[in-house]
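Here is how the chains run, residue by residue.
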Amino acid sequence: MTTERTYRCLNCSEHTLTREFNVSHLSITCPNCDSFERFVNDNVYQRFQDYEESPPEELAWDRLDRTEKLMVSERVVRTTRSIEDFDIEE
């Protein structure tokens, strides 16, 4: 039995698609916004949104750019790392 994963367009944040494989992201043209974009694993996107709404106290979340925030979210969701494993360098 194969588990389907959902991926979300990072440009419009509205269009999703499902695939039968588990990767961090896909790069395809979004049929909703017609932009060649990264579709991020929806579990990663949801963690990113959670951190945006309630920034983790262990990390200076507001100092990170969007790409860095997505990378941290991806590592927390898809690996054994936790938010405490990340530090921001001056």
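Note that this is a predicted model, so its numbers are computed, not measured.

Asker: Describe the packing of aromatic side chains, with residues and values.
Answerer: The final tally for this structure, using the stated rule, is three aromatic pairs. Pairing Tyr7 with Phe21 gives two aromatic rings, centres 6.4 Å apart and planes at 40°, and the pair type is tilted. In this pair, Tyr7 is assigned in strand 1 (residues 5–9) and Phe21 in the loop between strand 2 (16–19) and strand 3 (25–29), connecting sequence segments 14 residues apart. Owing to a relative accessible area of 0%, Tyr7 belongs among the buried residues under this scheme. Here Tyr45 and Phe48 contribute two aromatic rings whose centre-to-centre distance is 6.2 Å and whose plane-to-plane angle is 40°, an arrangement assigned as tilted. Linking Tyr45 with Phe48, this pair stays in helix 1 (residues 42–53), spanning three residues, or about one helical turn.

Asker: Before we move on, could you go through the environment of Phe39 and cite the residues and values that matter?
Answerer: Looking at where Phe39 falls in the secondary structure, it is placed in strand 4 (residues 36–41). The exposure class assigned to Phe39 is buried, which follows from its relative accessible area of 0%. With 29 residues separating them along the chain, Phe39 and Leu10 place their C-alpha atoms 5.9 Å apart. Those residues in contact with Phe39 that lie beyond four places of it in its chain are Tyr7, Arg8, Cys9, His15, Leu17, Ser24, His25, Leu26, Ile28 and Cys30.

Asker: Hey, could you go over the pairing of strand 4 for me, with residue numbers and the actual values?
Answerer: Pairing analysis gives three bridges linking strand 1 to strand 4, with the strands arranged antiparallel. Looking at the pairing, Tyr7 lines up with Asn41 of strand 4. In the sheet, strand 3 pairs with strand 4 via five bridges, with the strands oriented antiparallel. Bridging across to strand 4, Ile28 finds its partner in Glu37.

Asker: Please give an account of the nonpolar core that cites residues and values.
Answerer: In terms of nonpolar packing, the biggest core is built from 14 residues, with Leu59, Trp61 and Val72 touching the most fellow members. Per-element accounting of this core gives the leading share, four residues, to helix 1. If sequence neighbours within four positions are ignored, Trp61 has contacts with Phe48, Tyr51, Glu52, Pro55, Pro56, Lys69, Val72 and Ser73. Core analysis: the next-biggest nonpolar cluster, separate from the first, contains seven residues, Tyr7, Cys9, Leu17 and Phe39 among them.

Asker: Describe the layout of surface pockets, with residues and values.
Answerer: As a volume, the largest pocket reaches approximately 230 Å³. Forming the walls of the largest pocket are Leu10, Ser24, His25, Arg38, Val40, Val44, Arg66, Thr67, Leu70, Met71, Glu74 and Arg75. Of all the elements in the fold, those that place two or more residues in the lining of the largest pocket are strand 4 and helix 2 (66–78). Top element by residues in the lining of the largest pocket is helix 2. It accounts for six residues.

Conventions we followed
As a convention, each chain's residues are numbered from 1 in the sequence order in which they are written. Residues qualify for local features only when their pLDDT is at least 70, as the model is predicted, and side-chain atom pairs are given and counted only at 80 or more; totals for whole chains, interfaces and linings, by contrast, use all residues. Excluding hydrogens and water, the side-chain figures rest on all heavy atoms present in the structure. We call Phe, Tyr and Trp rings a pair once their centres come within 6.5 Å, taking the six-membered ring for Trp, and we label the pair stacked below 30 degrees between planes, edge-to-face above 60, and tilted otherwise. Working definition: helices are DSSP H or I runs of at least four residues, strands are E runs of at least two. Numbering for both runs from the N terminus. Residue burial is assigned from relative accessible area. The probe radius is 1.4 Å, only protein chains are included, and a residue is buried under 20% of its type maximum, exposed over 50%, and partly exposed in between. Residues are treated as being in contact if the distance between any of their heavy atoms lies within 4.5 Å. Between any two strands, pairing holds if DSSP finds at least two bridges. Think of a nonpolar core as a cluster: buried Ala, Val, Leu, Ile, Met, Phe, Trp, Tyr and Cys residues, connected wherever their side-chain atoms sit within 4.5 Å. Cavities and pockets were defined on a 1 Å grid built from protein atoms only: a cavity is a group of points that admits a 1.4 Å probe but offers it no way out, a pocket is an open group of points flanked by protein on both sides within 12 Å along at least five of seven lines, and a lining residue is one with an atom within 4 Å of any such point. Grid points are joined across faces, edges and corners, and a volume is the space filled by probe spheres set on the points.

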